[in-house]
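# Architecture at a glance
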Amino acid sequence: MIKNPALLEELRATFATIVRPPERLTVSEWAARYRRLSAKESAEAGRWRNERAPYLVEIQDAFGNPDIDCVVIRKCAQAGVSESVRNALGYWATQDPGPAMWVLPDEKAAREVTEERLIPLIRNSIPDQVMPGARQLRKHVLKLRAMEVYLAWSGSAQALASRPVRYVVLDEVDKYPAFSGRDADPIALARARARTFAHRRKIVLISTPTLAEAPISIEYNLCADQRTYVVPCAECGAELALEWGAVRWPKRPEKLPRANFAEKIAAEDLARLHCKHCDAELTEAHRQRMIIAGRWLSSLEAGATSRRVGFHLNALANPWASISGLVSKWLKAQDNVGALQEFVNQELGEPFVQTIKRVKEGAYRDKALRHRRHERGVIPAWAGMLLATVDSQRDGFYFMVRAWGHDYKSQLIEWGFLRSFDEVRDRLLDAYWPVADSEEKMTPRHVLIDAGGGITSDEEGSMTDRVYRFALSDPARIIAIRGWPGAKRPPRPVTLRSINYTPPGVSARKYKVAVQMLDTQYYKDILASRIEAEEPEMWLECEGVDEDFCKQMTSERKYFFRRGGKAVAQWRVHYKGAANHLWDCAVYQ
């Protein structure tokens, strides 16, 4: 019998601590309450503050969400994401323990992360998990009171295939080699370790991306639930995605070198974030406040769920970066492919694809300004014909009408958006435009209309079916066109096909229609060359060309990348969400 009251009280308190169930916390709540950062771990030592990087809250909470078993994070550098993943280790050890595996690119990286990051985390934030009288790290196993963490690296199949685990963290996966010895790839090997834990497992993949075919981008693209960070505009309150396409900065003076201009942008804080909803030019101070009020927007429809979640984070959401600083880096990287890849990977958090060819936005804008002398809607006297092209969408049609003369000289006459096939007929097939300095008028010789598209917005069926039937109503003038399907290039730029088309619907009957299949990659090369031609100018615009027109006409670039081990060059939109409808109309010309 214990007679010492103080000792008895201490034993009671110890017993109560042992049998007391853990607090019901999320990972971000646990971090705010218990995580402590040393001066070696962070430039901002002390208590973990979620308000410092609010975008990390939802990422952290995904690590403890039982309805999610795979978290993929494609990120920019130095945004606190790696530390947030390490918070999950503290949470798992104290709230929901289970064997874990931490996989790094190589053995050296595994040892450095363990000794410089994981062990300080344990000693500073969960000291009660330290095993008394025992070495913390022994034979690549980090021993805690509640669980063990096995350290592995991608180059060792034996380390990856050693034992079953509940938690798997695959760190900097784009630096992994393709295979581990003679075994399968390291990601597949590590995943297999968690198979026996079924729905209770948690797999985390994290990396700054490198190339489009590298692991983190492949894994992110496999996520049905892809989340991007959106913020409310400081002026109008509408939500906008923090994308590079929204960044604006002044035009560089002709005689000022690019490097000097980049320094000027950073020193004088000249860059802004543009709101597409209200046209506000938002400052760095605005951005900092907007980040705090931001949220993660899922690609899933309301009410839908997925056990696999992907987060994409770029430096525009990072409070430790600045808009003008990023623009300065971007400008300095323009003449150096290596520096450009580093910017795209490290700052934008996106895979790099090398640009081979493009229509420069500034040069195109200058061309449009020079051509304001050409009157809109008036055909030049040198023209011999008109051609109209149409890009079909679910809710209508973008169109472009151009005049054509000798030696492929062409001038813009009209463009816009039409809501129906009746409008296409009225505004294009049945319309006439005057010829300059004469009493003559012209109507388009042909209307080339894109037969792509899915179900129409008014639920009248397939857009392809409706375009084909529209083409059959006047086969001499209306030509249905489609891009060549698949990755393999066609044998010639244009291939005429007569196809037996079966429209959607149980009782629908087949019918025959002629379709011109286009090698759009070939014609995009031709278009870019003609736009750039100066002596003589071949591609002319007219008055009324605005900023949106210029952006659409410069929305695509030709990139070099690898697909299935082969080098591929292909035109693509150069940032997510870029509109390219008028560019497509010009390509069809």
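From a predicted model like this one, the values you see are computed outputs, not experimental measurements. Every residue gets a number counted from 1 within its own chain, in the order that chain's sequence is written. Thresholds applied to this predicted model are a pLDDT of at least 70 for local features of residues and 80 or more for the giving and counting of side-chain atom pairs; totals over whole chains, interfaces and linings are not thresholded and use all residues. In computing side-chain values, all of the structure's heavy atoms are included and hydrogens and water are not.

The next thing to look at is helix α3 (residues 55-63). Only protein chains enter the accessibility calculation, which uses a 1.4 Å probe; a residue is then buried when its area is under 20% of its type maximum, exposed when over 50%, and partly exposed in between. The way it works is that DSSP assigns letters per residue, a run of H or I at least four long becomes a helix, a run of E at least two long becomes a strand, and they are numbered from the N terminus. Taken as a whole, α3 has its buried residues at Y55, L56, I59, Q60, A62 and F63. Buried positions in α3, seen along its axis, are confined to an arc of 155° and lie on one side of it. In this description, the arc belongs to the directions extending from the helix axis to the C-beta atoms.

For the rest of this paragraph, the subject is the packing of α3 against helix α4 (residues 81-95). When two helices pack together, you describe them by how their axes are tilted relative to each other and by the distance separating the axes. For the pair α3 and α4, the least separation of the axes is 9 Å and the interaxial angle reads 35°. Here α3 runs over α4; the crossing is right-handed. Across the interface between the two elements, L56, I59, Q60 and F63 of α3 pack against V81, S84, V85, N87, A88 and W92 of α4. Polar here means any residue other than Ala, Val, Leu, Ile, Met, Phe, Trp, Tyr, Cys and Pro, which are nonpolar, and Asp, Glu, Lys and Arg, which are charged; Gly is therefore polar. Across the contact of α3 with α4, the residue classes tally to seven nonpolar, three polar and no charged. In this description, a line fitted to the C-alpha atoms serves as the axis of each element, helices being fitted only across the stretch in contact, and the angle between N-to-C directions of two axes falls anywhere from 0 to 180 degrees. By convention the crossing between two helices is left-handed if the near helix lies anticlockwise of the far one by an angle smaller than a right angle, and right-handed if it lies clockwise. In this description, contact between two residues means that some pair of their heavy atoms is separated by no more than 4.5 Å.

Turning our eyes to something else, we now look at the pattern of salt bridges. Definition used for salt bridges: Asp or Glu carboxyl oxygen within 4 Å of a side-chain nitrogen of Lys or Arg. Within this structure, the stated rule accounts for 31 salt bridges. With a shortest N-O distance of 2.9 Å, E83 and R86 are connected by a salt bridge. Remark: R86 and E83 occur in helix α4; sequence separation between them is three residues, near one turn of the helix. An identical accessibility class is assigned to E83 and R86; each is buried. Where R376 meets E414, a salt bridge forms, and the shortest distance between an N and an O atom there is 2.6 Å. With R376 in the loop between α13 (361-370) and β18 (385-393) and E414 in strand β20 (residues 410-418), this pair connects stretches of sequence that are 38 residues apart. Overall, R376 belongs to the partly exposed group, its relative accessible area being 32%. Taking relative accessible area as the criterion, E414 reaches 15% and is therefore assigned buried.

Turning to unusual backbone geometry, a few remarks are in order. Positive phi values are uncommon outside glycine, yet D407 reaches one of about 55°. Along the chain, D407 falls in the loop between β19 (396-404) and β20. With phi around 60°, D437 is a residue other than glycine that occupies positive phi space. Tracing the chain through its elements places D437 in the loop between β21 (433-434) and β22 (441-442). Judged by its relative accessible area of 80%, D437 falls in the exposed class.

This paragraph deals with the pairing of strand β4 (residues 100-104). Of all five residues that make up β4, five are buried, and the element is covered over most of its length. Across five bridges, the pairing between β4 and strand β7 (residues 148-153) is parallel. Residue pairing for β7: M101 is matched across the bridge by Y150. Two strands are counted as paired when DSSP detects at least two bridges linking them. The pairing of β4 with strand β8 (residues 167-171) spans four bridges and is classified as parallel. The residue of β8 that forms the bridge with V103 is L170.

Within a sheet, adjacent strands bond to each other through the backbone by hydrogen bonds, running parallel or antiparallel. A sheet is described by the order of its strands in space; here three strands give the open sequence β12-β13-β14, paired in antiparallel fashion. Of all the strands in the sheet, the pair left with one neighbour each is β12 (247-248) and β14 (281-282). When strand β13 (residues 272-274) meets β14, the two strands line up antiparallel, connected through two bridges. Bridge pairing in β14 places H274 opposite E281.

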